[in-house]
Amino acid sequence: NRCLNPASTCLFMEFGPGVFLGPPRPPCMLTAANRHTPSTREVLAQLIVPTLHRQRWSLDTAPGAAMYRVLHLSSGHGELSHGGGEQPLHAPEFIWLPAGSARSLRVDAGSVGVVVGVSDALLAASIGVHADAAALRQMSMRLCRFDGLDAVVRTELARSLHAIEAEARQAGGGSWHY
């Protein structure tokens, strides 16, 4: 196993092939009654560091641990297995995955990137309840591949994901103010 402590910031747990969580669940709806301050366990992140060999991780393997995920591959190649099949990865790549749909990630030697997962409650708190957020709620339930991003947007998005990963690694309160 790559991650033995479920309370750590480790996103990937390798239990062996074929050990996956069930189908995706719909996002919860945030109301004034269930608004809360997110904890660091609601954000799990993992850097993809270069190695001399291929790497493979199982995702969303623990019951009740399904998270919405964004994957950024900044260099290298790989393959993502999800509820809808297989997705080849070619850097620079950004992919959004709905909760529970991620199955496994394989990257080639030398690949670099980051994967950030957020809980259902944190995503609902971030999106909000206003009518103009309806499109975001619908989009969050679908796999989205962000092709053709402007270089400035790509750089800022990557920087944000790395900042989230750094906060999750510190296991502090982060910068949440809801």
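Notes on the structure follow. What you see is a predicted model; the values in this text were computed from it and never measured.

Conventions and cut-offs
- Residues numbered from 1 in each chain as written.
- Predicted model: local features only at pLDDT ≥ 70, side-chain atom pairs only at ≥ 80, totals over all residues.
- Heavy atoms only, no water.
- Pairing = 2+ DSSP bridges.
- Helix = DSSP H or I, 4+ residues; strand = E, 2+ residues; numbered from the N terminus.
- Contact = heavy atoms within 4.5 Å.
- Axes fitted to C-alpha atoms, helices over the stretch in contact; angles between N-to-C directions.
- Phe/Tyr/Trp six-rings, centres within 6.5 Å; stacked < 30°, edge-to-face > 60°.
- Buried < 20%, exposed > 50% of the residue type's maximum accessible area, 1.4 Å probe, protein only.

## Comments concerning the sheet that holds strand E8 (residues 112–118)
Piece 1. Taking strand neighbours across the sheet as the criterion, the 5 strands line up as E1-E8-E3-E6-E9 in an open arrangement whose pairing is antiparallel. Because the sheet does not close on itself, it has two edges, and the strands there are strand E1 (43–48) and strand E9 (144–145).
Piece 2. In this structure, strand E6 (residues 93–97) lies alongside E9, joined through 2 bridges in antiparallel fashion. Within E9, the position partnered with isoleucine 95 by the bridge is arginine 145.
Piece 3. Against the sheet, helix H1 (residues 120–127) makes contact with E1, strand E3 (68–75), E6 and E8, and its axis sits at roughly 85° relative to E8, the strand it touches most.
Piece 4. In the packing of helix H3 (residues 151–170) onto the sheet, contacts are made with E1, E3, E6 and E8, and the angle to E1 comes to roughly 115°.

## So, the packing of aromatic side chains
Piece 1. For the coordinates displayed, the defined rule picks out 1 aromatic pair.
Piece 2. Seen in terms of ring centroids, tyrosine 68 and tryptophan 96 are 6.0 Å apart; in terms of plane orientation they differ by 20°. Their pairing is stacked. Remark: tryptophan 96 occurs in strand E6 and tyrosine 68 occurs in strand E3; sequence separation between them is 28 residues. No difference in accessibility class separates tyrosine 68 from tryptophan 96, as the two residues are buried.

## Topic: unusual backbone geometry
Piece 1. Here the residue pair alanine 91 and proline 92 is connected by a cis peptide bond, since its omega of -5° sits within 30 degrees of zero.
Piece 2. Structurally, proline 92 is set in the loop between strand E5 (85–90) and E6.

## Structural notes on the side chain of glutamine 87
Piece 1. Note on placement: glutamine 87 falls in strand E5.
Piece 2. For glutamine 87, a relative accessible area of 14% translates into the label buried.
Piece 3. Contact partners of glutamine 87, with chain neighbours within four places excluded, come to Gly78, Glu79, Leu80, His82, Ile95, Leu143 and Arg145.

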